[in-house]
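Spelled out, the chains give:
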Amino acid sequence: YHPHLHHSTASQAGGGAAGMIIVDDPKGSIPKYVEQMEEKILILTAMDFQLSAYVEQQGMGDFFWQTKSTTNMILANGVHQPKV
């Protein structure tokens, strides 16, 4: 999910705007050892700067078109190359 103005979804989602929904399992639906594990939240975001620039050049945004980058990157919880 992500908040957006109409006609700006591609620009905002492509630029990394996103959110998370956590859904709990019904009690007793998973093994006890799994249920007792510490919960870790991990959001992976794929950033495609070349695609974002192209979308914005088509008149749907005004930020990424300024880049000449052809780099794609994966972010983990918003961080590039995080230390785990």
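Everything below is about the structure printed above this text.
Residues numbered from 1 in each chain as written. Predicted model: local features only at pLDDT ≥ 70, side-chain atom pairs only at ≥ 80, totals over all residues. Heavy atoms only, no water.

Student: What am I meant to see in the overall build of the protein chain here?
Tutor: Helix and strand counts for the protein chain come out as three helices and three strands. Element order for the protein chain, N to C, with α for helix and β for strand: α-α-β-α-β-β. For the protein chain, buried positions account for 14% of its 84 residues. (Helix = DSSP H or I, 4+ residues; strand = E, 2+ residues; numbered from the N terminus. Buried < 20%, exposed > 50% of the residue type's maximum accessible area, 1.4 Å probe, protein only.)

Student: What am I meant to see in a nonpolar patch on the surface here?
Tutor: On the surface, M20, I22, I41 and I43 cluster together to form a nonpolar patch covering roughly 310 Å² of accessible area. Along the chain, the position of I41 falls in the loop between α2 (32–35) and β1 (44–48). (Patch = residues over 30% accessible without salt bridge, like charges linked within 9 Å, V, L, I, M, F, W, Y side chains within 5 Å. Areas by Shrake-Rupley, 256 points an atom, 1.4 Å probe, with all protein chains shown as cover. Salt bridge = Lys/Arg side-chain N within 4 Å of Asp/Glu carboxyl O.)

Student: How do you make sense of the sheet that holds strand β3 (residues 79–80) when you look at a structure like this?
Tutor: What links the strands of a sheet is backbone hydrogen bonding, and the strands pair in either a parallel or an antiparallel sense. Here we have three strands laid out as an open sheet, ordered β1-β2-β3, and antiparallel in their pairing. Both edges of this open sheet fall to β1 and β3, since each of them pairs with a single strand only. Both strand β2 (residues 72–76) and β3 contribute to a ladder of two bridges, which runs antiparallel. Residue L75 lies in a different strand from β3, and its bridge partner there is H80. (Pairing = 2+ DSSP bridges.)

Student: So what exactly am I meant to see when it comes to the pairing of β1 here?
Tutor: As a general feature of sheets, a regular strand has side chains that alternate between the two faces. Of the two faces of β1, only the one carrying T45 and M47 is buried; L44, A46 and D48 on the other face are not. Where β1 lies against β2, five bridges are found, and the strand directions are antiparallel. If you follow M47 over to β2, its bridge partner there is M73.

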